[in-house]
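Structure assessment
Given next are the chains, with one letter for each unit.
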Amino acid sequence: METNRSTNKKIFNKFLKLLDEGYDIDTCIEKFSNYREEFKEYIDIIESLGNFKKLKPKEEYLTNNLKNIYSMARIETSKGQKDFLKKEISLIRLRPAYLKPLIVFLSVFIFISFSFAGTVYASSKTIPGDNLYAVKRTYENIQLVFTPYNYEGKLYYTFLNKRLNEADILLQTNSELNLKIAEELIDDIDYSYNKCLEHKYLGIADEGHIKKQINGIKDGFKKRFRKQGADDTIQNNADSLSNELNQNKENIQNQPNQNIQNNQNTQDTQNMQNNNNSHNSQGVQNQQNMETVQNKENSQNIENSTDNSVDSSQQMGQQNQYSKSQGK
Amino acid sequence: MDNIELDFCVRNFKKTGDNSFFEKIYRHFFPRILRFTVLNVSEVQNAEDIASEVFIKAYRYIRKLNLNAVKLKPWLYKVARNLIIDFYRKEARKGKKVSLDQYLEEKSAADYSNEEIIDNVLVFKKDLDIEFIQSGEEKIINAEFLKKLNTLTEIQKQVLILRFVEDLDHKSIGRIVNKNEIAVRAISFRAISKLRELMK
């Protein structure tokens, strides 16, 4: 059955080839006379299919349809041209492929710029040592980059005033100052002052006034750090003292006669520590406290320490030696 | 119209854009394309629209594409076939009954007599305004045959129509239906064998 089918197929294809070459159906059938009956059925089908060739539209329909085709084609071509022009004019509007990344980029850009503006605004009232102070300075630097040389003087003048205000605020606060920050601030003040002079933005009266302010601020810082420096050294020495005393505890216990003196020494050190704490917390009232402490206690070392940190350290050294000798 | 004349028309239409050359091409090919679409699409109006659309595309693209007389014929049929596929897809989306097969199957399922089916074919003829076959006998044969033809698969039907109605060779048909020559031969033989069994 299968072989019959395949042979039929081959012969049928040969038969079709002959037909393609332009032979009549009768001559083709004659050539394959053994398969006459089978081919007759095939030929009937082919002829039935061939009958559809007679399916033809009327002449009127053809001409009318041609007119329609022309008009439609013209509309389509003009539409195509219009679309092309639109695409030329605005690529963004007509191409969603461009639109999506553009919207994303714009939204991110707007978000970043708004958040940057927000942080810049938030940083406008910061003082050195705050987290956002760096943002403020960066913004100022950016301002400087985009400002023409002629207007830089004005900008430096505003920066100078800002720095002076910051310095005032720093001096007014009671919290402990960082030496590095203060140094940087003073450097900045000097730099902007020099720049103002360079640009000849300051008048004579202004110059004198600002110079006075700067000097005042520098003095303020110096005083503040002198106090802080003294306090630090006192505390350091007091710590070392207490450590040494703890080391000598065993010896002291072995010599009960000298316990009273040791106790006195420890009392002294405790008082000194208390004084130190009061210095750190109260700032301006330090000196008064120290005087009252001095009146109450008989140790001369502490009295010296309030005047000069160097002197105090030396005297604390002497006190150490004294306590050691006592311990022995 | 032979290939030399067609080539001349295509070349001149490309060069000059003169509609008279296009008209010659249109008059030669439009009846064939219309016949092909009518045999493939159930409603005549749709078949006419598809055939017109093929020639709108031809008007636009003959000037742009590198077509000669040999390539033009399969190209037109391929465009028609693609548009028919698009049409079926759209109809399927709408949820309508789509092919002529289904249409006639429904008719036979509803126990319509042969005459009614012939009437349907006649209606289809009237709508199309086609000079159909003259004698009464041939009409019946064609209607019955059409019914049997529609029991074949789409591709078998298309291959048979292209081969024996439109007189295209297997290679060109292969290009149109996206198959190779051997596959097209096999399809046409299988389709004819099936029709033969149906005719018995």
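What counts and how
Position labels on residues start from 1 in each chain and follow its written sequence. Throughout, the order in which chains and ligands are written sets their labels, letters from A for the former and numbers from 1 for the latter. Reporting of local features is limited, given that this is a predicted model, to residues whose pLDDT is at least 70; pairs of side-chain atoms are given and counted only at 80 or more, and all residues count toward the totals for whole chains, interfaces and linings. Only hydrogens and water are removed before side-chain values are computed, so all heavy atoms of the structure are retained for them. Here, nonpolar core refers to any group of buried Ala, Val, Leu, Ile, Met, Phe, Trp, Tyr and Cys residues whose side-chain atoms link them within 4.5 Å. Note on classification: 1.4 Å probe, protein chains only; a residue is buried when its accessible area is under 20% of the maximum for its type, exposed when over 50%, partly exposed between these limits. Domain segmentation is taken from an automatic or database assignment of domains. The criterion used for residue contact is that any of the two residues' heavy atoms lie within 4.5 Å. Numbered from the N terminus, helices here are DSSP runs of H or I no shorter than four residues, and strands are runs of E no shorter than two. To estimate how far a helix should extend, the number of its residues minus one is multiplied by 1.5 Å. Asp and Glu count as negative and Lys and Arg as positive, but His and the ends of the chain are not part of the count. Just to be clear on terms, a salt bridge is a Lys or Arg side-chain nitrogen sitting within 4 Å of an Asp or Glu carboxyl oxygen. Orientation is described by lines fitted to C-alpha atoms, with helices fitted over the stretch in contact, and by angles between N-to-C directions that extend from 0 to 180 degrees. Between 65 and 115 degrees an angle is taken as roughly perpendicular, under 35 as roughly parallel, over 145 as roughly antiparallel, and anywhere else as oblique. The classification used treats Ala, Val, Leu, Ile, Met, Phe, Trp, Tyr, Cys and Pro as nonpolar, Asp, Glu, Lys and Arg as charged, and all other residues, Gly among them, as polar. Per-residue confidence from the predictor is reported as pLDDT, which spans 0 to 100. Here's the idea: put two parts together, see how much 1.4 Å probe accessible area each one loses, and the total over both is what we call buried area. Identification of polar contacts relies on pairs of N or O atoms within 3.5 Å, with a donor-acceptor requirement for protein atoms, meaning one able to donate a hydrogen and the other able to accept it, and with residues adjacent in sequence counted only if both atoms are side-chain atoms.

Some thoughts on the nonpolar core
Membership of the largest hydrophobic core comes to 79 residues, with the highest contact counts inside it found for Phe22, Phe55 and Leu72 of chain B. Residue assignment places this core across two domains, with domain 1 (1-121) and domain 2 (122-200) of chain B each supplying three or more. Those residues in contact with Leu72 of chain B that lie beyond four places of it in its chain are Leu6, Val10, Ile25, Phe29, Ile62 and Leu67 of chain B. Residues Ile127, Tyr157, Leu170 and Ile214 of chain A belong to the second largest nonpolar core, which totals 24 residues.

Observations concerning the environment of Lys31 of chain A
Residues and elements named next belong to chain A. Here Lys31 lies in helix 2 (residues 25-31). The class for Lys31 is exposed, based on a relative accessible area of 52%. Between the alpha carbons of Lys31 and Phe15 there is a distance of 8.7 Å; along the sequence they are 16 residues apart. With residues up to four places along the chain from it excluded, the contact list for Lys31 reads Leu18 and Tyr23.

Thoughts on helix 10 (residues 181-199) of chain B
Taking 1.5 Å of rise per residue, the 19 residues of helix 10 of chain B would be expected to cover 27 Å, and the 27 Å separating its terminal C-alpha atoms lies within 8% of that figure. Three or more residues of helix 10 of chain B are buried, namely Val184, Ala186, Ile187, Ser188, Phe189, Ala191, Ile192, Ser193, Leu195 and Arg196 of chain B.

Here's the deal with the side chain of Lys73 of chain B
Positionally, Lys73 of chain B belongs in helix 4 (residues 69-94). As a buried residue without a salt bridge, Lys73 of chain B has its nearest oppositely charged side chain in Glu166 of chain B, at a separation of 6.5 Å.

Re the packing of helix 9 (residues 170-177) of chain B against helix 10 of chain B
Residue and element names in this part refer to chain B. Between helix 9 and helix 10, the shortest axis-to-axis distance is 8 Å and the interhelical angle comes to 95°. Relative to helix 10, helix 9 is oriented roughly perpendicular. Note on element contacts: helix 10 touches helix 9 through Glu181, Val184, Arg185 and Ser188, opposite His170, Lys171, Ile173, Gly174 and Val177. Taken together, the residues that form the contact of helix 9 with helix 10 break down as 3 nonpolar, 3 polar and 3 charged.

Details of unusual backbone geometry
Residues and elements named next belong to chain B. Here Asp167, not a glycine, exhibits a phi torsion of approximately 55°, which is positive. Structurally, the position occupied by Asp167 is in the loop between helix 8 (154-165) and helix 9. Assessed through its relative accessible area of 47%, Asp167 is described here as partly exposed.

Concerning the confidence of the model for chain B
Residue and element names in this part refer to chain B. Of all residues in chain B, 76% have pLDDT values of 70 or greater, and the mean over the chain is 76. Averaged over each element, pLDDT in chain B is lowest for helix 6 (residues 114-128) (42) and highest for helix 9 (89). pLDDT under 50 marks residues 107-137. Its contacts with residues more than four places away, or in other chains, come to 39 contacts. The ipTM assigned to the predicted complex is 0.75, against a pTM of 0.49.

Remarks on the interface of chain B and chain A
Contacts between the two partners involve 42 residues from chain B, matched on the other side by 36 residues from chain A. Summed over both partners, the interface of chain B with chain A comes to about 4300 Å²; 66% of that surface belongs to carbon and sulfur atoms. Between the two partners, chain B and chain A, sit 1 salt bridge. Linking Lys53 of chain A and Asp167 of chain B is a salt bridge whose minimum nitrogen-to-oxygen distance equals 2.8 Å. Where chain B touches chain A, the interface holds 7 residue pairs in polar contact (both at pLDDT 80 or more). Mapped by element, the contributors of at least two residues to the side of chain B that touches chain A are helix 2 (19-40), helix 3 (44-61), strand 1 (130-131), helix 7 (136-149), helix 8 and helix 10 of chain B. Top element by residues in the side of chain B that touches chain A is helix 2 of chain B. It accounts for 11 residues. In the side of chain B that touches chain A, the residues fall into 24 nonpolar, 4 polar and 14 charged.

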